[in-house]
Amino acid sequence: MTDEPAFDPQLFKAATGRQWQEAAQGWNDHGPMIRAWLKDATQAMLDMAGIAPSQRVLDVAAGAGDQTLDIAARVGPHGHVLATDLSPAILAFARRNAERAGYRNVETLVGDGETLDDAASIGPQTFDAVVCRLGLMFFPDPLAGLRAFHRALKPAGRICTMVFGAPQNNPCIAILVSTALKHAGLPPRDPYQPGGLLSLGKPGLIEGLFAQAGFAEVATTKMSAPFRLASVADYLGFVRASASPIQQILGGLDDDAKQAAWNEIKQKLKAFDTATGWEGPNELLLTAARRI
Ligand SMILES: C[S@@+](CC[C@H](N)C(=O)[O-])C[C@H]1O[C@@H](n2cnc3c(N)ncnc32)[C@H](O)[C@@H]1O
């Protein structure tokens with residue numbers, strides 16, 4: 001077993017950006033699966049962010065834009081959505097998907113969510129609402145991100161973020177990470193290590209960060225969002241094509257060693273087989289707040 005190198009936020013972020021460039025096609029291809037998985041939680045997130053007609057909304061770490069389309073529909077033709085992401089390749093899918101769906105109120109901007117208000121087009125106090133779906137936990141410095149979101153919001157503007165909850169309530173992710181680390185010859189990792197899939201799942205952590213960033217009325221709602229699929233193979237197909245954090249861990253292995261890791265992951269995930277298919281539990285934290 002080798003020691004993990006000390007955590008370097010900038011190197012980590014560069015690796016995250018590269019991995020999402022590679023996973024962009026896979027994430028977009030699995031759009032219908034992701035949409036079904038997150039449908040209810042996304043509507044709850046948009047409700048909690050108070051998204052309404054004619055608003056200007058900032059969608060951070062927008063990915064291929066699945067939630068962007070829902071925001072565009074809610075704000076309507078007199079509203080505006082700015083979808084941003086670290087990865088140009090995945091954001092290109094967001095732009096294309098919005099165009100194909102006929103939304104003219106969507107713009108995209110490549111940028112790091114931790115510093116995005118440095119961009120000329122994101123002035124201070126210019127957005128009615130900010131949302132970030134399954135993105136903030138990948139930021140090595142989520143507090144910097146929340147501070148940037150705070151600055152971009154108009155006074156009384158609302159925010160809602162969605163992240164994964166506690167490791168015990170997201171057992172498939174815990175299995176994926178721990179098995180990948182073992183095969184990569186790396187020691188077990190603190191699940192709350194910055195930038196990891198479960199990094200913001202520690203009870204009380206995200207609420208504390210929101211408060212430190214200056215938000216008021218901070219409240220988290222837990223939602224169960226099980227992945228219901230025909231078989232474990234479908235889940236693995238999704239993970240292998242698009243779950244960049246696992247690829248990041250396995251990246252240094254040769255093909256045979258990678259395959260051995262995936263075989264063991266599959267065996268373990270079969271624990272979630274049901275009489276009719278496969279159901280992987282997931283717990284999401286939806287944290288909403290208001291800028292004073
Ligand atoms: C799991 S995907 C979620 C995409 C989309 N929000 C969704 O739910 O379908 C995570 C996204 O976060 C983006 N991301 C990761 N770190 C980021 C950062 N520091 N700034 C902006 N985006 C980031 C990735 O490029 C990727 O598109």
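As the structure is a computational prediction, the values presented were derived from the model and not from experiment. (Residues numbered from 1 in each chain as written. Predicted model: local features only at pLDDT ≥ 70, side-chain atom pairs only at ≥ 80, totals over all residues. Heavy atoms only, no water.)

S.K.: Can you explain the sheet that holds strand β9 (residues 283-291)? Please cite residues and give values.
M.R.: Within a sheet, each strand pairs with its neighbour through backbone hydrogen bonds, oriented either parallel or antiparallel. The strand order across the open sheet built from seven strands is β3-β2-β1-β4-β5-β9-β6, with neighbouring strands paired in mixed fashion. If you trace the sheet from one side to the other, it starts and ends with β3 (106-110) and β6 (215-224), each paired once. Put simply, the sheet's adjacent strands are angled 15 degrees from each other on average, direction ignored. Bridging between strand β1 (residues 56-60) and strand β2 (residues 80-85) involves five bridges; their strand directions are parallel. The residue bridging L58 from the neighbouring strand is L82, located in β2. The sheet strands contacting helix α3 (residues 66-75) are β1, β2, β3 and β4 (127-133), and the helix crosses β2 at an angle near 165 degrees. (Pairing = 2+ DSSP bridges. Helix = DSSP H or I, 4+ residues; strand = E, 2+ residues; numbered from the N terminus. Axes fitted to C-alpha atoms, helices over the stretch in contact; angles between N-to-C directions. Contact = heavy atoms within 4.5 Å.)

S.K.: Give a description of helix α4 (residues 88-100) that names residues and reports values.
M.R.: At 3.6 residues per turn, the α-helix brings residues three or four places apart onto the same side. In this model α4 runs 18 Å from its N-terminal to its C-terminal C-alpha over 13 residues, within 8% of the 18 Å that 1.5 Å per residue would give. Among all positions in α4, only I90, L91, A92, F93, A94, N97 and A98 are buried. The first or second residue beyond α4 is G102, which carries a positive phi of 85 degrees. (Expected span 1.5 Å × (residues − 1). Buried < 20%, exposed > 50% of the residue type's maximum accessible area, 1.4 Å probe, protein only.)

S.K.: Tell me about unusual backbone geometry, residues and numbers included.
M.R.: Positive phi outside glycine occurs at A61, with the angle close to 55 degrees. Secondary-structure assignment places A61 in the loop between β1 and α3. A positive phi is found at Q125, a non-glycine position, where the angle reads about 55 degrees. Following the sequence through the fold, Q125 ends up in the loop between β3 and β4. You can call Q125 partly exposed: its relative accessible area is 38%.

S.K.: Break down the environment of V239 for me, citing the residues and quoting the values.
M.R.: Among the secondary structure elements, V239 is positioned in helix α8 (residues 232-242). The spacing of V239 and V163 is 76 residues in sequence and 17 Å in space, taken between C-alpha atoms. Not counting residues within four places of it along the chain, the set of residues in contact with V239 comprises L176, I246, Q247 and W262.

S.K.: Residues and numbers for the environment of A119, please.
M.R.: Inspection of the secondary structure puts A119 in the loop between β3 and β4. A sequence separation of 10 residues divides A119 from L109, and the C-alpha atoms of the two residues are 8.9 Å apart.

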